[in-house]
Amino acid sequence: MTIDWVHFTPQAALAGGVLIGLAAAAFILLNGRIAGISGILGGLLRPVRGDIGWRVAFLAGLIAAPIVYGLFATLPEVTVDAGAGTLVAAGLLVGVGTRYGAGCTSGHGVCGISRMSPRSLVATAAFMFAGFVTVYLVRHVLN
């Protein structure tokens, strides 16, 4: 394994992590809600009156942010080495996993761990372990 020193950007990663942490903290302090994407999106599938606006605004912000960023800076090149079928299957597996895990990586990994939630600590460890195993299998066993 080697490090791609050209694309190694610890300052940008640190800044991004700080911004995500501050946004998640502000969201819970100001709204009393966890900034878990699957829960926010899932709440739109079973809408409750008076609970739709902030969810739509949050998700619209996730879509608009890279568009606005692209107006002022060059977006990084994205290369996806998977077919449409693989991406659909992966998306469905992630969706099912977030329902069984009662949350996603943003809810458990960012917000849950910062609150020292035992459930989130176990869920994040399970996410990471599953990711390690999947990468190992795909890159070293199935190749």
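Presented here is a report on the structure given in the accompanying data block.

Procedures and definitions
Residues numbered from 1 in each chain as written. Predicted model: local features only at pLDDT ≥ 70, side-chain atom pairs only at ≥ 80, totals over all residues. Heavy atoms only, no water. Helix = DSSP H or I, 4+ residues; strand = E, 2+ residues; numbered from the N terminus. Buried < 20%, exposed > 50% of the residue type's maximum accessible area, 1.4 Å probe, protein only. Contact = heavy atoms within 4.5 Å. Areas by Shrake-Rupley, 256 points an atom, 1.4 Å probe, with all protein chains shown as cover. Lys, Arg positive; Asp, Glu negative; His and termini not counted. Charge placed at Lys NZ, Arg CZ, Asp CG, Glu CD. Patch = residues over 30% accessible without salt bridge, like charges linked within 9 Å, V, L, I, M, F, W, Y side chains within 5 Å. Salt bridge = Lys/Arg side-chain N within 4 Å of Asp/Glu carboxyl O.

1. Examining the overall build of the protein
Across its full length, the protein holds 6 helices and 0 strands. Taken from N to C terminus, the helices and strands of the protein fall in the order α-α-α-α-α-α. Dimensions of the protein, computed from the C-alpha atoms along their principal axes, are close to 50 × 40 × 35 Å. Counting the 143 residues in the protein, one finds 15% classified as buried. Sequence separation of 24 or more characterises 35% of the internal contacts of the protein that already satisfy a separation of 6 or more. Accessible area for the protein stands at about 11,100 Å²; split by element, carbon and sulfur atoms hold 72% of it. Here the protein carries 8 positive and 4 negative side-chain charges, and the mean point of each set is 23 Å from the other.

2. What about a nonpolar patch on the surface?
A cluster of nonpolar residues, Phe 129, Val 133, Tyr 136, Leu 137, Val 138, Val 141 and Leu 142, forms a patch on the protein surface that exposes about 700 Å² of accessible area. Summarising the element assignment, Val 141 is placed in helix 6 (residues 118-141). Judged by relative accessible area, Val 141 falls into the partly exposed class, the value being 47%.

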